[in-house]
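Summary of the model geometry
Read off the chains here:
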Amino acid sequence: MTFEETKDALLLASLPNVAFDGWGEESFRRGAESLDMPPESVADYFPGGARGQIAAFSDWADRQMLAAYEEADTAEMGMTAKVALAVRLRFEALAPHQEALRRSLSILALPSNAATGLTFLHRTSDSIWTAVGDRSTDHNWYSKRMLLGGVISTTTLYWLDDSSEGKARTWSFLDRRLANVVKIGGKLGKVMGRAMALPDRLVASMQNRRSWRRSAR
């Protein structure tokens, strides 16, 4: 197997241990032993300890989502439906590993890991928008990813505690959140655009004022 294939195999072999004992070297050393790998090789595949392991878990879930999305028939879907499908496919990939996900969130919720968690969320959001064919290059690019990140974050918490049949309540919750994104996404992009252009407008205004004062002398 390639390095990445071995890394994925080790991750998946370790996730049942993570569900009981949490993220960390011990869970992955036991996963390595179950694959007849030397336990000391864990650091070669997951540098950075628990954060490196969680990063690999998030990346694995993104790749599973994208692979499943590529196989789906989305030709007749609108953009919002495509985004909803992609988000749902990621949750379906994570379904066997809910407790490992819950433990990862508890670590990422620590103040020292807040920036790391936001990085993972942005990567997932960007992967989804790219996969569904988003071509925005202006301020909407940022607003779409920020808003979808918020949707994924809140839906994850809802999904983990959802005991409804087939997670039906989660999918309804997701649809409602995405409908809100569609309503305010464009407006937020315009607001961000005006805010980011404000310094330029201030500079131009100051330059015009100086020119007027020189001409009035």
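Definitions and cut-offs
Residues numbered from 1 in each chain as written. Predicted model: local features only at pLDDT ≥ 70, side-chain atom pairs only at ≥ 80, totals over all residues. Heavy atoms only, no water. Salt bridge = Lys/Arg side-chain N within 4 Å of Asp/Glu carboxyl O. Buried < 20%, exposed > 50% of the residue type's maximum accessible area, 1.4 Å probe, protein only. Helix = DSSP H or I, 4+ residues; strand = E, 2+ residues; numbered from the N terminus. Axes fitted to C-alpha atoms, helices over the stretch in contact; angles between N-to-C directions. Parallel < 35°, antiparallel > 145°, perpendicular 65-115°, else oblique. Left-handed = near helix turned anticlockwise from the far one by under 90°. Contact = heavy atoms within 4.5 Å. Nonpolar A, V, L, I, M, F, W, Y, C, P; charged D, E, K, R; others polar. Core = buried A, V, L, I, M, F, W, Y, C linked by side-chain atoms within 4.5 Å. Expected span 1.5 Å × (residues − 1). pLDDT = per-residue confidence, 0-100.

1. Details of the pattern of salt bridges
Tallied over the entire structure, the rule returns 13 salt bridges. The shortest N-O distance in the salt bridge between aspartate 21 and arginine 30 comes to 2.3 Å. Note on arginine 30: relative accessible area 33%, which makes it partly exposed. Note that lysine 144 is salt-bridged to aspartate 134, the shortest N-O span being 2.7 Å. Of the two residues, lysine 144 sits in helix α8 (residues 139–160) while aspartate 134 sits in the loop between α7 (114–131) and α8, which places them 10 residues apart along the sequence. Classification of aspartate 134 by relative accessible area gives buried; the value is 10%.

2. A few points about the packing of helix α4 (residues 49–71) against helix α6 (residues 98–108)
Contact geometry for α4 and α6: axes closest at 11 Å, N-to-C directions at 130 degrees. Classed by the angle they form, the pair α4 and α6 counts as oblique. Read as a crossing pair, α4 and α6 show a hand that is left-handed. Only Ala100, Leu101, Ser104, Ile107 and Leu108 of α6 make contact with α4, whose side of the interface consists of Ala50, Ile54 and Phe57. Looking at the contact of α4 with α6 residue by residue, the class counts come to 7 nonpolar, 1 polar and no charged.

3. Here we look at the nonpolar core
The biggest cluster of nonpolar side chains holds 44 residues, and the ones touching the most others in it are Trp23, Phe57, Ile128 and Leu148. With 8 residues, helix α5 (residues 79–94) is the largest single contributor of residues to this core. Each residue touching leucine 148, except ones within four places of it in the same chain, is listed here: Val83, Val87, Ser125, Ile128, Trp129 and Leu178.

4. A closer look at unusual backbone geometry
A positive phi angle, close to 60 degrees, is found at aspartate 36, a residue other than glycine. Position of aspartate 36 relative to the elements: it lies in the loop between α2 (25–34) and α3 (42–45). By relative accessible area, which is 73% here, aspartate 36 ends up exposed. For lysine 167, which is not glycine, the phi dihedral falls at a positive 60 degrees. Looking at lysine 167, the relative accessible area reads 15%, which means it is buried.

5. Overview of α4
In this model, α4 (23 residues) spans 34 Å end to end at C-alpha, consistent with the 33 Å of a helix rising 1.5 Å per residue. Residues of α4 that are buried include every one of Gly52, Gln53, Ile54, Ala56, Phe57, Ser58, Trp60, Ala61, Asp62, Met65 and Tyr69, and no others. Packed against the buried residues of α4 are α1 (3–21), α2, α5, α6 and α7.

6. Observations regarding the confidence of the model for the protein
Mean pLDDT over the protein works out to 87, with 84% of the residues at or above the 70 mark. In this model, residues 187–203 is a region of pLDDT below 50 whose contacts with residues beyond four sequence positions or in other chains number 13 contacts.

7. Comments concerning the packing of α7 against α8
The N-to-C vectors of α7 and α8 enclose an angle of 115 degrees; their axes lie 9 Å apart at closest approach. The angle between α7 and α8 falls in the class roughly perpendicular. Crossing hand, α7 versus α8: right-handed. Contact residues: Leu121, His122, Thr124, Ser125, Asp126, Ile128, Trp129 and Thr130 in α7; Trp141, Lys144, Arg145, Leu148, Gly149, Ile152 and Ser153 in α8. Per-class residue counts for the contact of α7 with α8 are 6 nonpolar, 6 polar and 3 charged.

8. As for the environment of leucine 178
By the element assignment, leucine 178 lies in helix α9 (residues 168–216). Residue leucine 178 is classed as buried on the basis of its relative accessible area of 4%. For the pair leucine 178 and threonine 80, spaced 98 residues apart in sequence, the C-alpha to C-alpha distance is 7.0 Å. Residue contacts for leucine 178: discarding those within four places in its chain leaves Thr80, Val83, Ala84, Leu148 and Val151.

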